[in-house]
Amino acid sequence: MTPEQPPIRVLVVEDDPVAADAHVLYVGRVPGFVAVGKAGTGAAARRVLERTPVDLLLLDLHLPDVHGLQLARSLRAAGHQADVIAVTSARDLAVVREGVSLGVVQYVLKPFTFATLRDRLLRYADYHAAAGEASGQDEVDQALATLRTPAPPTLPKGLSAPTLQRVTAALRVTSTGLTAAGVAESVGISRITARRYLEHLVTTARATRSPQYGQVGRPELIYRWLSEEEGRGR
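From a predicted model like this one, the values you see are computed outputs, not experimental measurements. (Residues numbered from 1 in each chain as written. Predicted model: local features only at pLDDT ≥ 70, side-chain atom pairs only at ≥ 80, totals over all residues. Heavy atoms only, no water.)

Novice: Can you explain the sheet that holds strand β5 (residues 104-109)? Please cite residues and give values.
Specialist: Strand order in the open sheet made by the five strands is β2-β1-β3-β4-β5, with parallel pairing throughout. Where the open sheet ends on each side, the last strands, each with one partner, are β2 (33-39) and β5. Put simply, the sheet's adjacent strands are angled 20° from each other on average, direction ignored. Against the sheet, helix α2 (residues 42-51) engages β1 (8-13), β2 and β3 (56-60), with an angle of about 155° to β1. Helix α3 (residues 68-77) rests against β3, β4 (83-88) and β5 of the sheet, and its axis sits at about 150° to β3. (Pairing = 2+ DSSP bridges. Helix = DSSP H or I, 4+ residues; strand = E, 2+ residues; numbered from the N terminus. Axes fitted to C-alpha atoms, helices over the stretch in contact; angles between N-to-C directions. Contact = heavy atoms within 4.5 Å.)

Novice: Break down α3 for me, with residues and values.
Specialist: Buried residues of α3: Gly68, Leu69, Leu71, Ala72 and Leu75, and no others. Down the axis of α3, the smallest arc covering the buried residues is 155°, so these residues share one side. (Buried < 20%, exposed > 50% of the residue type's maximum accessible area, 1.4 Å probe, protein only. Arc of directions from axis to C-beta.)

Novice: Would you mind going over the pattern of salt bridges in detail, with residue names and values included?
Specialist: Counted according to the given criterion, the structure contains five salt bridges. Put simply, Arg9 and Asp55 hold a salt bridge, and the shortest N to O gap is 3.0 Å. One end of the pair, Arg9, is in strand β1; the other, Asp55, is in the loop between α2 and β3, and 46 residues separate them in sequence. The class for Arg9 is partly exposed, based on a relative accessible area of 31%. Take Asp55: its relative accessible area is 15%, and that puts it in the buried class. Linking Arg123 and Asp119 is a salt bridge whose minimum nitrogen-to-oxygen distance equals 3.5 Å. (Salt bridge = Lys/Arg side-chain N within 4 Å of Asp/Glu carboxyl O.)

Novice: Kindly report on the environment of Thr41, identifying the contributing residues and their values.
Specialist: By the element assignment, Thr41 lies in the loop between β2 and α2. Take Thr41: its relative accessible area is 24%, and that puts it in the partly exposed class. Note: C-alpha distance between Thr41 and His67 (26 residues apart in sequence) is 9.7 Å. Excluding its chain neighbours within four sequence positions, the residues that come into contact with Thr41 are Val13, Leu63, Pro64 and Asp65.

What follows is the structure, given as structure tokens:
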């Protein structure tokens, strides 16, 4: 996006007040975007759209009064042309396919971090800025690839994707959680290394940690995988 282009106006549609405030904050931190409002229901979103120009909806699919895709369908029928980034904990690919025909340009799975949303928004900005006539098939493909192909997440220095997958697998199979020592034993790495990976999962909102009391000395930290239901409002 060039400095001459106006900011992309985003309406946050999210029924959880804490999550809505976080999403508004996230949007405001991405250059070239501005949050023009938030709505907790489909009806409230329609009212905002009637009085405020909006380029993009950051739309939770599970609203108290209407499913997000049903809202998107009704907005298209009413002539609203805003694109949609869907926010959901659901992983039903049938829902994804339906959304494509309704202007859903991206899906963001809960729980997500600021970095994840920033990546989706910046890719959308490149797609949104494309104008004029394509010179050929390659340029059309490039425009779509910019939108559809997310960049692989960058791990902190010293962490590897294969080891992260093994740590994640060890954590997900237990409902009670594990200490760094427990993960280290399960995966075959040192306790210090295990803790680095576990802290990364906490930082990216995929795991939680809590102290375990009742023993002499400092309490141990228990790490537990964050389920989709728990992550929905985060």
